[in-house]
Amino acid sequence: MRTSIDMSYPFRGSWLVQNSPASRVPSHCTRALATSYAIDFVPVTEDGRTAPLTLGALMRPEPAEKFPGFGRPILAPADGVVVATHEGEPDHAAYRGLPSIHYALTQHRRVASGWVALAGNCVVIERSGIMIALCHLRRGSITVRPGQQVHVGEVLAGCGNSGNSTEPHVHVQAIDHPDVARARAVPLTFDGGLPSNGEIIHV
(Lines give C-alpha, C1' and ligand atoms only; values in the text may rest on other atoms or scores of the structure.)
Protein backbone atom coordinates (compact mmCIF):
# COMPACT_ATOMS: atom_id res chain seq x y z
CA MET A 1 0.00 0.00 0.00
CA ARG A 2 1.36 3.41 -0.96
CA THR A 3 1.72 5.83 1.93
CA SER A 4 1.07 9.02 -0.06
CA ILE A 5 -0.26 10.16 -3.41
CA ASP A 6 0.68 12.97 -5.78
CA MET A 7 -1.94 14.34 -8.14
CA SER A 8 -2.74 17.29 -10.37
CA TYR A 9 -4.91 20.18 -9.24
CA PRO A 10 -8.54 19.30 -9.99
CA PHE A 11 -9.38 22.65 -11.59
CA ARG A 12 -8.30 25.55 -13.75
CA GLY A 13 -8.29 29.23 -12.85
CA SER A 14 -7.67 30.83 -9.45
CA TRP A 15 -8.43 29.05 -6.16
CA LEU A 16 -7.82 29.99 -2.52
CA VAL A 17 -6.35 27.31 -0.25
CA GLN A 18 -8.09 26.61 3.06
CA ASN A 19 -7.75 23.87 5.69
CA SER A 20 -4.44 22.65 4.29
CA PRO A 21 -2.43 19.87 5.94
CA ALA A 22 0.64 21.95 5.08
CA SER A 23 -0.54 24.36 7.79
CA ARG A 24 -1.84 21.88 10.38
CA VAL A 25 -2.66 18.21 10.86
CA PRO A 26 -5.41 17.23 11.23
CA SER A 27 -6.24 19.86 8.62
CA HIS A 28 -9.95 20.06 9.48
CA CYS A 29 -9.37 19.88 13.27
CA THR A 30 -10.58 16.27 13.34
CA ARG A 31 -9.37 12.83 12.31
CA ALA A 32 -12.93 11.58 11.83
CA LEU A 33 -13.82 10.04 8.46
CA ALA A 34 -10.15 10.00 7.42
CA THR A 35 -9.95 13.77 6.97
CA SER A 36 -6.53 14.30 8.59
CA TYR A 37 -4.89 15.34 5.31
CA ALA A 38 -7.93 16.73 3.47
CA ILE A 39 -7.69 20.13 1.79
CA ASP A 40 -10.19 22.72 0.57
CA PHE A 41 -9.98 24.97 -2.49
CA VAL A 42 -12.29 27.99 -2.82
CA PRO A 43 -12.76 29.41 -6.33
CA VAL A 44 -11.93 33.10 -6.58
CA THR A 45 -11.52 35.75 -9.26
CA GLU A 46 -8.11 36.43 -10.82
CA ASP A 47 -7.46 39.08 -8.16
CA GLY A 48 -8.21 36.58 -5.39
CA ARG A 49 -11.71 37.68 -4.44
CA THR A 50 -14.80 35.66 -3.69
CA ALA A 51 -18.32 37.14 -3.63
CA PRO A 52 -18.40 40.77 -2.37
CA LEU A 53 -18.85 40.93 1.41
CA THR A 54 -21.74 43.35 1.90
CA LEU A 55 -23.76 44.24 4.99
CA GLY A 56 -26.51 42.00 3.69
CA ALA A 57 -24.06 39.11 3.37
CA LEU A 58 -23.16 39.51 7.03
CA MET A 59 -26.80 39.35 8.09
CA ARG A 60 -28.41 36.64 5.96
CA PRO A 61 -27.59 33.59 3.80
CA GLU A 62 -26.64 34.24 0.19
CA PRO A 63 -27.43 32.30 -2.99
CA ALA A 64 -24.61 29.97 -3.98
CA GLU A 65 -24.92 31.28 -7.53
CA LYS A 66 -23.61 34.65 -6.31
CA PHE A 67 -20.12 33.21 -5.81
CA PRO A 68 -17.63 33.42 -8.69
CA GLY A 69 -16.76 29.74 -8.89
CA PHE A 70 -20.19 28.14 -8.54
CA GLY A 71 -20.40 25.61 -11.36
CA ARG A 72 -16.73 25.97 -12.35
CA PRO A 73 -15.49 22.62 -13.76
CA ILE A 74 -13.93 20.12 -11.38
CA LEU A 75 -11.38 17.92 -13.16
CA ALA A 76 -9.95 14.47 -12.57
CA PRO A 77 -6.73 14.98 -10.58
CA ALA A 78 -5.31 11.59 -11.63
CA ASP A 79 -5.81 8.74 -14.04
CA GLY A 80 -7.99 6.11 -12.44
CA VAL A 81 -11.36 4.41 -12.19
CA VAL A 82 -14.48 5.98 -10.71
CA VAL A 83 -15.49 3.77 -7.79
CA ALA A 84 -18.38 5.82 -6.43
CA THR A 85 -20.53 8.86 -7.12
CA HIS A 86 -23.24 10.46 -5.09
CA GLU A 87 -25.64 13.04 -6.45
CA GLY A 88 -28.95 14.51 -5.45
CA GLU A 89 -27.97 16.65 -2.47
CA PRO A 90 -29.15 20.27 -2.83
CA ASP A 91 -26.82 23.21 -3.24
CA HIS A 92 -27.82 25.22 -0.19
CA ALA A 93 -27.27 28.88 0.58
CA ALA A 94 -23.82 30.18 1.51
CA TYR A 95 -23.19 31.37 5.06
CA ARG A 96 -20.93 34.24 6.12
CA GLY A 97 -21.13 36.63 9.06
CA LEU A 98 -23.96 35.93 11.52
CA PRO A 99 -25.47 33.11 9.42
CA SER A 100 -22.17 31.22 9.66
CA ILE A 101 -22.50 31.14 13.45
CA HIS A 102 -25.92 29.51 13.21
CA TYR A 103 -24.58 27.06 10.63
CA ALA A 104 -21.69 26.10 12.92
CA LEU A 105 -24.13 25.41 15.75
CA THR A 106 -25.90 22.82 13.57
CA GLN A 107 -22.66 21.03 12.69
CA HIS A 108 -23.32 18.18 15.12
CA ARG A 109 -26.46 17.20 13.17
CA ARG A 110 -24.49 16.81 9.94
CA VAL A 111 -21.73 14.86 11.68
CA ALA A 112 -24.30 12.52 13.22
CA SER A 113 -25.82 11.93 9.78
CA GLY A 114 -22.52 10.58 8.44
CA TRP A 115 -20.39 10.87 5.32
CA VAL A 116 -23.10 11.81 2.80
CA ALA A 117 -24.34 14.71 4.91
CA LEU A 118 -20.79 16.04 5.14
CA ALA A 119 -19.50 15.30 1.64
CA GLY A 120 -22.63 16.22 -0.28
CA ASN A 121 -22.43 15.35 -3.96
CA CYS A 122 -19.11 13.66 -4.64
CA VAL A 123 -16.96 11.58 -6.97
CA VAL A 124 -14.44 9.01 -5.74
CA ILE A 125 -11.62 7.84 -8.03
CA GLU A 126 -9.29 4.92 -7.35
CA ARG A 127 -5.66 5.04 -8.44
CA SER A 128 -3.32 2.22 -7.43
CA GLY A 129 -5.37 1.32 -4.37
CA ILE A 130 -5.78 4.91 -3.15
CA MET A 131 -9.21 6.56 -3.26
CA ILE A 132 -9.41 10.27 -4.12
CA ALA A 133 -12.66 11.90 -3.01
CA LEU A 134 -13.85 15.22 -4.47
CA CYS A 135 -16.75 16.64 -2.48
CA HIS A 136 -19.39 19.42 -2.31
CA LEU A 137 -20.10 19.17 -6.04
CA ARG A 138 -22.97 20.92 -7.77
CA ARG A 139 -26.22 19.01 -7.91
CA GLY A 140 -26.91 17.58 -11.35
CA SER A 141 -23.40 18.26 -12.64
CA ILE A 142 -21.65 14.88 -12.31
CA THR A 143 -20.66 13.57 -15.75
CA VAL A 144 -19.05 10.23 -14.82
CA ARG A 145 -20.30 6.93 -13.45
CA PRO A 146 -18.85 4.10 -11.33
CA GLY A 147 -16.60 1.79 -13.33
CA GLN A 148 -15.61 4.50 -15.79
CA GLN A 149 -11.94 5.08 -16.57
CA VAL A 150 -10.96 8.75 -16.30
CA HIS A 151 -7.82 10.66 -17.18
CA VAL A 152 -6.12 13.71 -15.71
CA GLY A 153 -7.95 16.88 -16.70
CA GLU A 154 -11.23 15.20 -17.63
CA VAL A 155 -14.32 17.08 -16.41
CA LEU A 156 -16.04 15.24 -13.55
CA ALA A 157 -18.60 17.76 -12.31
CA GLY A 158 -19.12 21.39 -11.35
CA CYS A 159 -18.08 23.15 -8.15
CA GLY A 160 -21.03 23.30 -5.79
CA ASN A 161 -22.19 24.01 -2.27
CA SER A 162 -23.67 20.70 -1.20
CA GLY A 163 -23.05 18.91 2.07
CA ASN A 164 -21.07 20.54 4.88
CA SER A 165 -20.07 23.70 3.04
CA THR A 166 -20.37 27.38 3.90
CA GLU A 167 -19.61 28.60 0.37
CA PRO A 168 -18.89 26.94 -3.01
CA HIS A 169 -15.60 25.05 -2.92
CA VAL A 170 -14.09 21.62 -3.55
CA HIS A 171 -12.87 19.39 -0.74
CA VAL A 172 -10.22 16.82 -1.68
CA GLN A 173 -9.06 13.91 0.44
CA ALA A 174 -7.24 10.63 -0.16
CA ILE A 175 -8.06 7.44 1.73
CA ASP A 176 -6.90 3.82 1.70
CA HIS A 177 -10.30 2.07 1.57
CA PRO A 178 -13.50 2.69 -0.39
CA ASP A 179 -15.54 2.60 2.83
CA VAL A 180 -14.77 5.94 4.47
CA ALA A 181 -15.85 4.64 7.89
CA ARG A 182 -13.07 2.02 7.71
CA ALA A 183 -10.49 4.08 5.85
CA ARG A 184 -7.29 5.75 6.96
CA ALA A 185 -6.22 9.15 5.67
CA VAL A 186 -3.49 9.21 3.03
CA PRO A 187 -1.18 12.25 2.73
CA LEU A 188 -1.50 14.02 -0.60
CA THR A 189 0.43 16.49 -2.72
CA PHE A 190 -0.28 18.39 -5.93
CA ASP A 191 2.33 18.49 -8.68
CA GLY A 192 4.94 17.53 -6.10
CA GLY A 193 4.05 20.13 -3.48
CA LEU A 194 1.42 21.16 -0.98
CA PRO A 195 0.14 24.75 -0.67
CA SER A 196 -0.50 26.39 2.69
CA ASN A 197 -3.58 28.18 4.00
CA GLY A 198 -4.15 31.53 2.32
CA GLU A 199 -2.20 30.76 -0.84
CA ILE A 200 -3.92 31.37 -4.15
CA ILE A 201 -3.33 28.74 -6.81
CA HIS A 202 -3.39 29.87 -10.44
CA VAL A 203 -3.60 26.97 -12.86
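Refer to the structure above for everything that follows.
Bear in mind that the values here come from a model prediction, so they are computed numbers and not experimental data. (Residues numbered from 1 in each chain as written. Predicted model: local features only at pLDDT ≥ 70, side-chain atom pairs only at ≥ 80, totals over all residues. Heavy atoms only, no water.)

Participant: I would appreciate a short explanation of the overall build of the chain in the present structure.
Facilitator: Helices and strands together make up the secondary structure of the chain, namely four helices and 13 strands. Taking all 203 residues of the chain together, 46% fall into the buried category. Per element, the accessible surface of the chain, about 9,200 Å² overall, is 54% carbon and sulfur. Positive and negative side-chain charges in the chain, numbering 17 and 17 respectively, have mean positions lying 5 Å apart. (Helix = DSSP H or I, 4+ residues; strand = E, 2+ residues; numbered from the N terminus. Buried < 20%, exposed > 50% of the residue type's maximum accessible area, 1.4 Å probe, protein only. Areas by Shrake-Rupley, 256 points an atom, 1.4 Å probe, with all protein chains shown as cover. Lys, Arg positive; Asp, Glu negative; His and termini not counted. Charge placed at Lys NZ, Arg CZ, Asp CG, Glu CD.)

Participant: I tried to follow the side chain of Ser-141 on my own but got confused; where do I start?
Facilitator: By the element assignment, Ser-141 lies in the loop between strand S7 (130–137) and strand S8 (149–150). Filtering out sequence-adjacent residues up to four positions away, Ser-141 remains in contact with Glu-87, Leu-156, Ala-157 and Gly-158. (Contact = heavy atoms within 4.5 Å.)

Participant: Is there a simple way to explain the pairing of strand S10 (residues 170–175) in this structure?
Facilitator: The two faces of a sheet get side chains in turn, since along a regular strand they alternate between them. Burial analysis of S10 places six of its six residues in the buried class, the great majority of the element. Side chains of S10 alternate between two faces, with Val-170, Val-172 and Ala-174 and His-171, Gln-173 and Ile-175 buried alike. Pairing of strand S3 (residues 39–44) with S10 involves three bridges; the strand directions are antiparallel. Bridged to Phe-41 within S10 is Val-170. Sheet analysis places S7 next to S10, joined by five bridges and oriented antiparallel. (Pairing = 2+ DSSP bridges.)

Participant: Can you walk me through the environment of Pro-26 in this structure?
Facilitator: Inspection of the secondary structure puts Pro-26 in the loop between strand S2 (14–18) and S3. Apart from the residues lying within four places of it in its own chain, the contact partners of Pro-26 are Arg-31 and Ser-36.

Participant: How do you make sense of the pairing of S3 when you look at a structure like this?
Facilitator: With respect to burial, S3 is a largely interior element, six of its six residues being buried. On S3, burial covers both faces: Ile-39, Phe-41 and Pro-43 on one face and Asp-40, Val-42 and Val-44 on the other are all buried. Here S2 runs beside S3; their pairing, made up of five bridges, is antiparallel. The residue bridging Ser-14 from the neighbouring strand is Val-44, located in S3.

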